[in-house]
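Understanding the architecture of this molecule
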Amino acid sequence: MSTLEIKNLQVSVATEAGFTEILKGVDLTIKSGETHAIMGPNGSGKSTLAYSIAGHPKYTITGGSVTLDGADVLDMTVDERARAGLFLAMQYPVEVPGVSVTNFLRTAATAIRGEAPKIRTWVGEVKEAMSELNMDTSFAERNVNEGFSGGEKKRHEILQLGLLKPKFAILDETDSGLDVDALKIVSEGVNRVKASSDLGVMLITHYTRILRYIKPDFVHVFAAGRIVEEGGPELADKLEEKGYAEYVTN
Amino acid sequence: MSSLTTNYLAPSGREEAWRFTPLSRLGGLLDSAITLADSPSLTALDLPQGVSFSKIATAPLSQTTDEATLRVRAAVALTSELSIASGVEVSEPIFLKRTVKGGVPEASRLVVSLAPNARATVVIENVGTAVIAEEIEFSLGSGSHLRFISSQEWDATTVHLGSHHAIIGKDAEFISTVVTVGGSLVRLLPTVEYSGTGGSAELSGVYFSTSGQHLEHRMHVDHNVPNCKSRVNYKGALAGENARSVWIGDVFIRAAAEGTDTYELNRNLLLSDGARADSVPNLEIETGEIVGAGHASTTGRFDDEQLFYLQSRGIPAEIARRLVIRGFFAEIVSGVRIESVEERIMARIDAELDAVANI
């Protein structure tokens, strides 16, 4: 049983006008096996939360803490965080020209597992994981995210989730840009990983659509850089009906 | 030929063609007081059937204004000629072995000649210490296909001025990959003209310039006949104080060259402060009746987003950097299509990366 604990997290980003505070004190605790949906309007800071936990250099932590089983996540490099058990499925996965998917996956698995996976079992493992996500085997020879469609990029993220087996996954708008079929495939991929492990999930989304496929245990409404309401799955139904209007004050 | 040599004047450095080159570092190659040694520095071993290699007195196949090439023509009495007979398809690559004089200014001249419908791969691996001016002319008969790989893995003090000029016949295809990692100063001129319609040229290259190295590549593609194609793709990385690279991409589409299809690209990756990459694409078009013409040039720092993505998958920063840089070069190196040569080039790039790991 692991715990990801975010306490009073405050984050700023440098702009031309100086530092702008985006996260204004976020508190959230996720335990193994739990799925927390973070829902909020655009610009509320949801992605900033995701990238800050992963350690993107663009964001400056000005206060608060993030710990994984007591270990200070904010003190770790980006790769140390991943090796500690955190995984960020990105909204806009980055193209890495010249690096093949197969080379990338093996390098990442080697780093996360602490030793190179045995070639024979690894090839089978990757093939099976790809076929579960309806990915053609030719995918492995392509360069990381280069020329991928939106749906292919998201499948590739979930493929990594399955192979790298983190303790906690942050899914940043994984549903954006997906048609119904692709959404279903990707969601089933997440659910398979959940079923076969003790994965804790932070599911960041604007829409309730993905929650039909990935059932949250908790729903948190995010607005203006903090969590403004929390509840169970029923809260998502309320958002579906009424939107975010009551949380947005101008 | 004598009329050309009498026209020779050493460049002052103000000429467009020489303005990027540190003339003081040419080791006497353009010094008219020094006679270049006539050097048959390339030899061919184990020639397959239909392939010959000999020394002949032959007039140049092309015209040039390049001072170094003119000096080569003046110095070399007998040109080495590699010939592939009509219709001969050589499946194994032909390796030309380089033997250099070790610091004496020397001149080397080679003609690679493919008769119609011949097909071959020619590899030159340049190693050692040399001060060398070189001219290679390629003559591609109609329907022939030549893959040419020239790797410059010279020792640190080597000076190398070279001209690689291809004359591409009707429906012939010329694919060249230039790899420049060694040497103090390397200045190569991969140039192309067409002698028939439907010809195709693919000029690609990689270079890795570290402290004090000057690596210069100047393309010139002369689209002088209709319906020909050219692709240029050069990629370079630079690291360390006074690491220099120069890439010039001149593409000229003459009025007669309707149906031309051309694109050229140069990308530079600056891995540290103190390095400088000059990149000058230049497209001159005399007819609008073309399939396409374009160019792109980028020079930039390491992409932090790529680094973040790889690191976020647990890959340590140093390994991630190496993965990205290897990937940057791999696109071109994989085009060599000879496994042993590709491995050798990537190993050399790894060695360069090891050397600059602390920068």
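Note that residues are indexed from 1 along each chain, following the sequence as it is written. The lettering of chains begins at A and the numbering of ligands begins at 1, in the order of writing. In keeping with the predicted nature of the model, local features appear solely for residues at pLDDT of at least 70, side-chain atom pairs appear and are counted solely at 80 or more, and the whole-chain, interface and lining totals rest on all residues. By convention in this description, side-chain values take in all heavy atoms of the structure and omit both hydrogens and water.

1. Quick word on the overall build of chain A
Applicable threshold: Segments assigned H or I by DSSP are reported as helices when at least four residues long, segments assigned E as strands when at least two residues long, and all are numbered from the N terminus. Only C-alpha atoms enter the radius of gyration, while the globule expectation follows 2.2 Å times N to the 0.38, with N the number of residues. Each residue is placed in one exposure class: buried if its accessible area under a 1.4 Å probe, protein chains only, is under 20% of its type's maximum, exposed if it is over 50%, and partly exposed if it falls in between. In what follows, a contact means two residues having at least one pair of non-hydrogen atoms within 4.5 Å.
Each helix and strand counted, chain A has 7 helices and 12 strands in total. Taking 250 residues into account, the globule formula puts the C-alpha radius of gyration at 18 Å, and chain A, at 18 Å, falls close to it. Overall, chain A is about 55 × 40 × 40 Å in size when its C-alpha atoms are taken along their principal axes. Across the 250 residues in chain A, those meeting the buried criterion constitute 53%. For chain A, the share of sequence-separated contacts (at least 6 apart) that also reach a separation of at least 24 residues comes to 70%.

2. Things to note about the pairing of strand β12 (residues 226-231) of chain A
Residue and element names in this part refer to chain A. Put simply, the rule is: Between any two strands, at least two bridges found by DSSP are needed for them to pair.
Summarising the sheet, strand β11 (residues 218-223) and β12 pair through 5 bridges and their orientation is antiparallel. What sits directly across from Val 221, in β12, is Glu 229. Between β11 and β12, which pair antiparallel one after the other, the connecting turn spans 2 residues, and Ala 224 there sits at a positive phi close to 50°.

3. Description of the sheet that holds β12(A)
All names here are of chain A. We count it as follows: Only the stretch in contact is used when fitting a helix axis, every axis being a line fitted to C-alpha atoms; angles between N-to-C directions are given from 0 to 180 degrees.
Strands sit in the order β6-β9-β10-β3-β11-β12 across an open sheet of 6 strands; the sheet is mixed. Both outer strands of the open sheet, β6 (86-89) and β12, are each paired with one neighbouring strand and no more. Adjacent strand axes in the sheet meet at a mean angle of 20°, parallel and antiparallel pairs treated alike. Examined bridge by bridge, β6 and strand β9 (residues 168-172) share 4 bridges and lie parallel to one another. Looking at β9, one finds that Ala 89 is bridged to Leu 171.

4. Things to note about the side chain of A:Asp172
Residues and elements named next belong to chain A. To keep things clear, this is the line we draw: Neither His nor the chain ends is counted toward charge; the positive residues are Lys and Arg and the negative residues Asp and Glu. Here a salt bridge means any side-chain nitrogen of Lys or Arg lying within 4 Å of a carboxyl oxygen belonging to Asp or Glu.
The residue Asp 172 is located in strand β9 in this model. There is no salt bridge for the buried Asp 172, and the closest opposite charge comes from Lys 46, which lies 7.0 Å off by N-O distance. Setting aside its immediate chain neighbours within four residues, Asp 172 contacts Ser 47, Ala 50, Tyr 51, Leu 88, Ala 89, Met 90, Gln 91 and Ile 204.

5. Things to note about the packing of helix α5 (residues 150-164) of chain A against helix α6 (residues 180-196) of chain A
Residues and elements named next belong to chain A. The line we're drawing: Throughout, the term roughly parallel applies to angles under 35 degrees, roughly antiparallel to angles over 145, roughly perpendicular to angles from 65 to 115, and oblique to all others. Residue classes follow a fixed rule: Ala, Val, Leu, Ile, Met, Phe, Trp, Tyr, Cys and Pro count as nonpolar, while Asp, Glu, Lys and Arg count as charged, and any other residue, Gly among them, counts as polar.
It is the contact of α5 with α6, at a shortest axis distance of 10 Å, that shows an interaxial angle of 10°. Between α5 and α6, the angle falls in the class roughly parallel. Each of Lys 154, Arg 155, Ile 158, Leu 161 and Gly 162 in α5 lies in contact with α6, whose residues at this interface are Ile 185, Val 186, Gly 189, Val 190 and Val 193. A class-by-class count of the residues in the contact of α5 with α6 yields 6 nonpolar, 2 polar and 2 charged.

6. A closer look at the pairing of strand β16 (residues 244-253) of chain B
Residues and elements named next belong to chain B. Where burial is concerned, most of β16 is hidden: 8 out of the 10 residues are buried. Sheet analysis places strand β14 (residues 214-223) next to β16, joined by 10 bridges and oriented parallel. Note that in β16 the partner of His 223 across the bridge is Ile 253. Where β16 lies against strand β18 (residues 276-285), 10 bridges are found, and the strand directions are parallel.

7. Here we look at the packing of helix α3 (residues 101-113) of chain A against α5(A)
Residue and element names in this part refer to chain A. Which entries qualify depends on this criterion: Handedness of a crossing follows from how the near helix is turned relative to the far one, being left-handed for an anticlockwise turn of less than a right angle and right-handed for a clockwise one.
At a closest axis distance of 10 Å, the pairing of α3 and α5 adopts a crossing angle of 35°. The crossing of α3 and α5 is right-handed. Each of Val 101, Phe 104, Leu 105, Ala 108, Ala 109, Ile 112 and Arg 113 in α3 lies in contact with α5, whose residues at this interface are His 156, Leu 159, Gln 160, Leu 163 and Leu 164. Looking at the contact of α3 with α5, its residues break down into 9 nonpolar, 2 polar and 1 charged.

8. Examining the interface of chain B and chain A
Our working definition: Computed with a 1.4 Å rolling probe, the buried area is the accessible surface lost when two parts are put together, summed over both parts. We call two N or O atoms a polar contact when they sit within 3.5 Å, provided that within protein one can donate a hydrogen and the other can accept it, with sequence-adjacent residues counted only if both atoms are side-chain atoms.
Each partner contributes to the interface: chain B provides 18 residues, whereas chain A provides 32 residues. Taken together, the two surfaces of chain B and chain A that pack against each other cover about 1900 Å², and 69% of this comes from carbon and sulfur. When the buried surface of chain B facing chain A is broken down by residue, B:Phe308, B:Tyr309 and B:Arg313 rank first, second and third, together holding 42% of it. Linking chain B to chain A there are 10 residue pairs in polar contact (both at pLDDT 80 or more). Elements that contribute at least two residues to the side of chain B that touches chain A include exactly α3 (304-311) and α4 (317-333) of chain B. Per element, the largest residue contribution to the side of chain B that touches chain A is 7 residues, and it comes from α4(B).

9. So, the sheet that holds strand β19 (residues 292-301) of chain B
All names here are of chain B. Taken together, the 9 strands give an open sheet; going across it, the order is β2-β5-β7-β9-β11-β13-β15-β17-β19, and neighbouring strands pair in mixed fashion. Taken across any chain shown, the strands that pair with only one partner, and hence form the sheet edges, are β2 (42-44) and β19. Averaged over neighbouring strand pairs, the angle between their axes works out to 10° when direction is ignored. In this sheet, strand β13 (residues 200-210) lies alongside strand β11 (residues 173-180) in parallel orientation, the contact comprising 8 bridges. Note that in β13 the partner of Phe 174 across the bridge is Ala 201. Contacts between α4 and the sheet are confined to β11, β13, β15 (229-239) and β17 (261-270), with β15 contributing the most and set at about 155° to the helix. Sheet strands in contact with helix α5 (residues 339-356) are β5 (94-98), β7 (119-126), β9 (145-152), β11, β13 and β15, and its direction is about 30° off that of β13.

10. Considerations on the nonpolar core
What counts here: Only buried residues count toward a nonpolar core, which is a set of Ala, Val, Leu, Ile, Met, Phe, Trp, Tyr and Cys residues joined through side-chain atoms within 4.5 Å.
One finds A:Ile6, A:Leu49, A:Met202, B:Phe208 and B:Phe329 to be the most contacted residues of the largest nonpolar core, which totals 112 residues. Dropping the residues within four chain positions of it, A:Met202 is found in contact with A:Ile6, A:Leu28, A:Ile30, A:His36, A:Ile38, A:Leu49, A:Ile53, A:Ala169, A:Ile170 and A:Leu171. Of all hydrophobic cores here, the second largest spans 48 residues; its members include B:Val192, B:Val221, B:Trp247 and B:Val251.

11. Quick notes on the environment of B:Phe328
Relative to the assigned elements, B:Phe328 resides in helix α4. Relative accessible area serves as the criterion here: at 6%, B:Phe328 is assigned to the buried category. Once the C-alpha coordinates of B:Phe328 and B:Glu92 are considered, the two residues, 236 residues apart in sequence, prove to be 28 Å apart. The residues touching B:Phe328, leaving out its near neighbours within four places in the chain, are A:Pro97, B:Lys235, B:Gly236, B:Ala237, B:Arg267, B:Asn268 and B:Leu269.

12. Some remarks on α4(B)
All names here are of chain B. Note the threshold: Every helix has an expected span of 1.5 Å times one less than the residues it contains. The bend reported for a residue corresponds to the angle between axes fitted to the seven residues ending at that residue and the seven starting there.
The end-to-end C-alpha separation of α4 is 24 Å, in line with the 24 Å expected for 17 residues at 1.5 Å each. Where α4 bends most, the angle comes to about 25°, and this point is Gly 327. Those residues of α4 that sit buried are Ala 320, Leu 323, Val 324, Ile 325, Gly 327, Phe 328, Phe 329, Ile 332 and Val 333.

13. Considering the packing of aromatic side chains
This is how the line gets drawn: The criterion for an aromatic pair is that two Phe, Tyr or Trp rings (for Trp, the six-membered ring) have centres within 6.5 Å, with stacked assigned to planes under 30 degrees apart, edge-to-face to planes over 60 apart and tilted to the rest. By the criterion adopted, a ring carries a charge over it if an Arg CZ or a Lys NZ lies within 6 Å of its centre and within 35 degrees of its normal.
Across all of its chains, the model carries 8 aromatic pairs over all chains by this definition. Ring centres 5.9 Å apart and planes at 35° place the aromatic pair B:Phe208 and B:Phe329 in the tilted group. Taken together, the residues span a long stretch of sequence, with B:Phe208 in strand β13 and B:Phe329 in helix α4 at a distance of 121 residues. Each member of the pair B:Phe208 and B:Phe329 is classed as buried. Here the aromatic cluster, defined as three or more aromatic residues joined through ring pairs, consists of A:Tyr51, A:Tyr59 and B:Phe308. The aromatic ring of B:Phe328 is capped on one face by B:Lys235, whose charged end is 4.8 Å from the ring centroid. The residue whose ring lies beneath B:Arg321 is B:Phe302, and the NZ or CZ to ring-centre distance is 5.2 Å.

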